[in-house]
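# Architecture and fold: a report
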Amino acid sequence: MEITINGQHRQLVGNPPQVGEELPHFKVLDKQGEKIKTRFLLGKVTLISVVPDITTSVCSLQTKHFNEAVDQFRDVRFLTVSTNLAETQQKWCAAEGVKNIELVSDHEQSFGYSMKLLIPDEDVLARSVWIIDKEGKIVYRQLVSELTDEPDYDAALDALKKAVQA
């Protein structure tokens, strides 16, 4: 699959999973460096916000936007995934006052390869939003075709409301 970065074409490592498919197996690292595997996400509706680099403006906006939405969804797990190291993510959270959303690191690129979101030329993930049901099935996906654009927050949050009600 192809996306653009400032209009320049870039290839992902494959074709990301479709709605209706099971979430692939991967591992990411939490702020303590502990592994979070796919199976740990089961049992709760989960929104996964994927950003290329948490320290850039659009990634900051995206993460802050979903951070503000957390309070509306008591029984939903919110994750932001980037290839930044956990230490960088935690410094960013402290500087930006982000406390509600969980940032996890894919610096080992397990998530990027499993989800086919890695842009190998850049070593970052393609901007996207995923909603996973309690059983681990993908019920919503939004791949942003231009990496520097923000996702459609309203569409993602509407899909999240439907997933919670299902």
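This report concerns the structure included in the present document. Model, not experiment: these values are computed from the prediction.

On to the overall build of the protein chain, then. Of regular secondary structure, the protein chain possesses four helices and eleven strands. Relative to the compact-globule value of 15 Å for 166 residues, the protein chain shows a C-alpha radius of gyration of 14 Å, a close match. Over its C-alpha atoms, taken along the principal directions, the protein chain stretches across nearly 40 × 35 × 30 Å. The 166 residues of the protein chain split such that 52% are buried. The long-range fraction of contacts in the protein chain, counting pairs at least 24 apart against all pairs at least 6 apart in sequence, stands at 66%. With an accessible surface of roughly 8,100 Å², the protein chain has 45% of that area assigned to carbon and sulfur atoms. Distance between charge centroids for the protein chain: 6 Å, based on 19 positive and 25 negative side chains.

So, on to the nonpolar core. Inside soluble globular proteins, nonpolar side chains tend to come together where they are buried. Formed by 26 residues in total, the largest nonpolar core has its most connected members in Leu 23, Ile 48, Phe 111, Leu 117, Ile 119 and Trp 130. Listed by contribution, the elements that provide at least two residues to this core are β1 (2–5), β5 (45–50), β6 (76–82), β8 (118–119), β9 (124–125), β10 (128–132) and β11 (138–143). If near-sequence neighbours (up to four positions away) are discounted, Ile 119 is found in contact with Ile 3, Ile 5, Arg 10, Gln 11, Leu 12, Val 124, Leu 125, Ala 126 and Leu 147. Of all hydrophobic cores here, the second largest spans 25 residues; its members include Leu 47, Ala 69, Leu 103 and Leu 157.

Before going further, it helps to spend a moment on the side chain of Ser 110. Summarising the element assignment, Ser 110 is placed in helix α3 (residues 110–114). A polar contact is formed between the side chain of Ser 110 and the backbone nitrogen of Lys 27, at a distance of 3.0 Å. When near neighbours in sequence (up to four residues on either side) are disregarded, Ser 110 contacts Phe 26 and Lys 27.

Once that is clear, we can look at helix α4 (residues 153–165). Side chains that are three or four residues apart share a direction in an α-helix, a result of its 3.6 residues per turn. With 13 residues, α4 should reach 18 Å at 1.5 Å per residue; the first-to-last C-alpha distance of 18 Å fits that figure. What α4 keeps buried is the set Tyr 153, Ala 156, Leu 157, Ala 159, Leu 160 and Ala 163. Projected down its long axis, α4 carries its buried residues within an arc of 160°, all on one side. Along α4, the residues that are exposed and aim more than 90 degrees away from the buried face are Asp 154, Lys 162 and Gln 165. Residues of α4 that are buried sit in contact with β5, α1 (57–69), β6, β10 and β11. For α4, the capping residue at the N-terminal end is Asp 152, with a side-chain oxygen 3.3 Å from the backbone nitrogen of Asp 154.

To continue, consider the pairing of strand β2 (residues 8–11). Examined bridge by bridge, β1 and β2 share four bridges and lie antiparallel to one another. The residue bridging Ile 3 from the neighbouring strand is Arg 10, located in β2.

Rules used throughout
Residues numbered from 1 in each chain as written. Predicted model: local features only at pLDDT ≥ 70, side-chain atom pairs only at ≥ 80, totals over all residues. Heavy atoms only, no water. Helix = DSSP H or I, 4+ residues; strand = E, 2+ residues; numbered from the N terminus. Rg over C-alpha atoms; globule rule 2.2 N^0.38 Å. Buried < 20%, exposed > 50% of the residue type's maximum accessible area, 1.4 Å probe, protein only. Contact = heavy atoms within 4.5 Å. Areas by Shrake-Rupley, 256 points an atom, 1.4 Å probe, with all protein chains shown as cover. Lys, Arg positive; Asp, Glu negative; His and termini not counted. Charge placed at Lys NZ, Arg CZ, Asp CG, Glu CD. Core = buried A, V, L, I, M, F, W, Y, C linked by side-chain atoms within 4.5 Å. Polar contact = N/O pair within 3.5 Å; in protein donor to acceptor, adjacent residues only side chain to side chain. Expected span 1.5 Å × (residues − 1). Arc of directions from axis to C-beta. Pairing = 2+ DSSP bridges.

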